[in-house]
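Single-letter residue listing:
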Amino acid sequence: MADKVHNHRRKFLKNTLLQSIALAIGAPVVYGKNLTKDILPIALFEEGILSKIPGKSDLLTLLNDRPVNAETPAHLLDNDLTPNDLFFVRNNGIPPSNPDKNQWTLSFDGESVKSKKTYSLEELKNKFEPVKLIITLECGGNGRKEFNPPAKGNQWSTGAVGCAEWTGVKLKDVLKDVGLKSDATYLAYYGKDSHLSGDPKKDSISRGVPIQKAMEDESIIAWEMNGKDIPLMNGYPLRLVFGGYPASCSGKWLSKIAIRNKVHDGAKMGGQSYRIPCDPVAPGAKVEDSEMCIIENMPVKSLITYPQTGATIKKNQSLPIRGHAWTHELSIKLVEYSIDFGINWKPCNLLPATNRYAWQNFSAEIQFPKTGYYEVWARATDSSGDSQPIILPGWNPKGYLNNACHRIAIKVES
Amino acid sequence: MQENNNWNTDLLWSTLLSMISAIVLLSITVIVYFGFRNDIDKFFNRPKYDKLELAKRTTERASIQIDEWDRVEKGIHVKTGMVYDKNFKFIKANCLSCHSSKMITQNRATRQGWHQMIRWMQKTQGLHDLGDSEVNILDYLSTHYAPKDTGRRPNLDIDAIEWYVLDLN
């Protein structure tokens, strides 16, 4: 295992060395004006140069360094709760540098608040009942890499997902204290990250959720992740957490909430961002903006987190597998695996979730009939009866919502 | 005859002296080696640089590369990891001052697709009018970062898999 991790790191270093030497070291000189100093310094290692993401393991796969986007390899998501340093990073802009939790405030405004209000982080903690919830966050573009024709954007494979225990307060408690008008339609967030261009008038991202979603018991404003401060890259010191929706709805570095009397029209709410065709289209179709609808629910999905793909075992050995499954629905009711490319499916052991939107753990023990190359596939079915396709689900221009079953490669030798 | 004899004696003496010197030198080497074996081993097996030194040198190398903005190796522009050709300068000037080259290199699109992305950046991200350069930029992107047909679902990337023996004990 240690060897494997080491190999992985070596390979990562090798692959990124050429680009990183230049980009990591060159970035502060060439593009420095828009970078926070937290993204640098660069860590130097014996084997080469690696741009270090603050608070994050160097085992994450770096997809983009400006803005920072990095995903978690499947086998590193094996823990019940994803450790803070392994939780994926999806930034749209540049995080604030050195935000201070003691000075942090959250204000409420918009057409549909009865009056504007501002709370300090301390007030939020003291005035409302704190809750701890285990919630899975998944980027809407997780799995984009597999779409054909390819979709633009960060080419996530399977690792733009993680599940953590969040400490915070229920939005509905705070919104009740703020006081909403009857025409409240949408909750919009604004964060302290800045636009890539450095233009202070532009928001890098300002999205949100329908007011009904904001009123769910599991919709929270959080200041802790797994019992510690939220990592800077994941929104320190304050963020929204909405389970079952694209993670882009869960605003980071949260400084303002606007309650709108219409669907929010902030950055990356319109056009084609975080939208799919309202009606299904053929692969490669051009879809007008007016024909694109906002993604709300994330589909049922699962991930095999043990063993890491590429395992070789002996014919007389049985193979334990395990992983997680999640959905926007009430729960996962079944996880199955196949070792014959989907001809036969067998059920896995499945554990219940602590609360809604927590991922559920599954496991199985597999016997292989003979030696050879196998793929282990996993597919989950949720309480609504929805399941995962084994080929790609509906093509969409920006490559969202790929919940095709996860596959790992196994060799059985005599 | 006398001279010849002298010459022979000289030869004999000088050979003898050389041999004695060689033996003395060898003995000294052997004595020194056995006496200071550990130190010698350490000397030859020492790490070439300690970590700090290595980091310093790496930084120096990197700073040299900052000066060598346009170094190209095997057709790849080292600093950005991008394919280098006559149109690369248009990418450098118009794209990379705003975003990472990874934003381009991890994506694939047709000429039309790249064109749409440029329009999207102009509409929403504050990208300037590219003027005549747009043709060169689209030539570059559609040549080097064009899509491959992967069907309805690609095979697992067998070449990328690092096979390992799973320890099940």
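Residues numbered from 1 in each chain as written. Chains lettered and ligands numbered in written order. Predicted model: local features only at pLDDT ≥ 70, side-chain atom pairs only at ≥ 80, totals over all residues. Heavy atoms only, no water.

Draft legend 1. View of empty space enclosed by the protein. Summed over the entire model, instances satisfying the criterion amount to 6 cavities of 30 Å³ or more. Of the pockets and cavities examined, the largest cavity occupies roughly 770 Å³. As for the largest cavity, its lining consists of 41 residues, of which His99(B), Met103(B), Trp120(B), Met121(B) and Gln125(B) are closest to the centre. Among the elements that line the lining of the largest cavity, the one with the most residues is helix H6 (residues 111–124) of chain B, at 5 residues. Among the residues forming the lining of the largest cavity, the class breakdown is 19 nonpolar, 17 polar and 5 charged. Taken as a whole, the second largest cavity encloses approximately 220 Å³ of empty space. Arg90(A), Ala247(A), Ser248(A), Ser250(A) and Lys252(A) are the residues nearest the centre of the second largest cavity, which is lined by 19 residues in total. Taken together, the residues of the lining of the second largest cavity break down into 9 nonpolar, 6 polar and 4 charged. (1 Å grid on protein atoms, 1.4 Å probe; cavity = no way out; pocket = protein on both sides within 12 Å on 5 of 7 lines; lining within 4 Å. Points joined across faces, edges and corners; volume = space filled by probe spheres on them. Helix = DSSP H or I, 4+ residues; strand = E, 2+ residues; numbered from the N terminus. Nonpolar A, V, L, I, M, F, W, Y, C, P; charged D, E, K, R; others polar.)

Draft legend 2. Structural context of a nonpolar patch on the surface. Residues and elements named next belong to chain B. Taken together, the side chains of Trp-13, Leu-16, Ile-20, Val-24 and Ile-28 present a nonpolar region at the surface, about 490 Å² in accessible area. Relative to the helices and strands, Val-24 resides in helix H1 (residues 2–35). You can call Val-24 partly exposed: its relative accessible area is 43%. (Patch = residues over 30% accessible without salt bridge, like charges linked within 9 Å, V, L, I, M, F, W, Y side chains within 5 Å. Areas by Shrake-Rupley, 256 points an atom, 1.4 Å probe, with all protein chains shown as cover. Salt bridge = Lys/Arg side-chain N within 4 Å of Asp/Glu carboxyl O. Buried < 20%, exposed > 50% of the residue type's maximum accessible area, 1.4 Å probe, protein only.)

Draft legend 3. Layout of the pairing of strand S25 (residues 372–382) of chain A. All names here are of chain A. With 8 of its 11 residues buried, S25 lies for the most part within the structure. The pairing of strand S21 (residues 332–338) with S25 spans 6 bridges and is antiparallel. Residue pairing across strands places Glu-336 opposite Arg-379, the latter belonging to S25. As judged from the 7 bridges shared by S25 and strand S26 (residues 406–413), these two strands associate in the antiparallel manner. (Pairing = 2+ DSSP bridges.)

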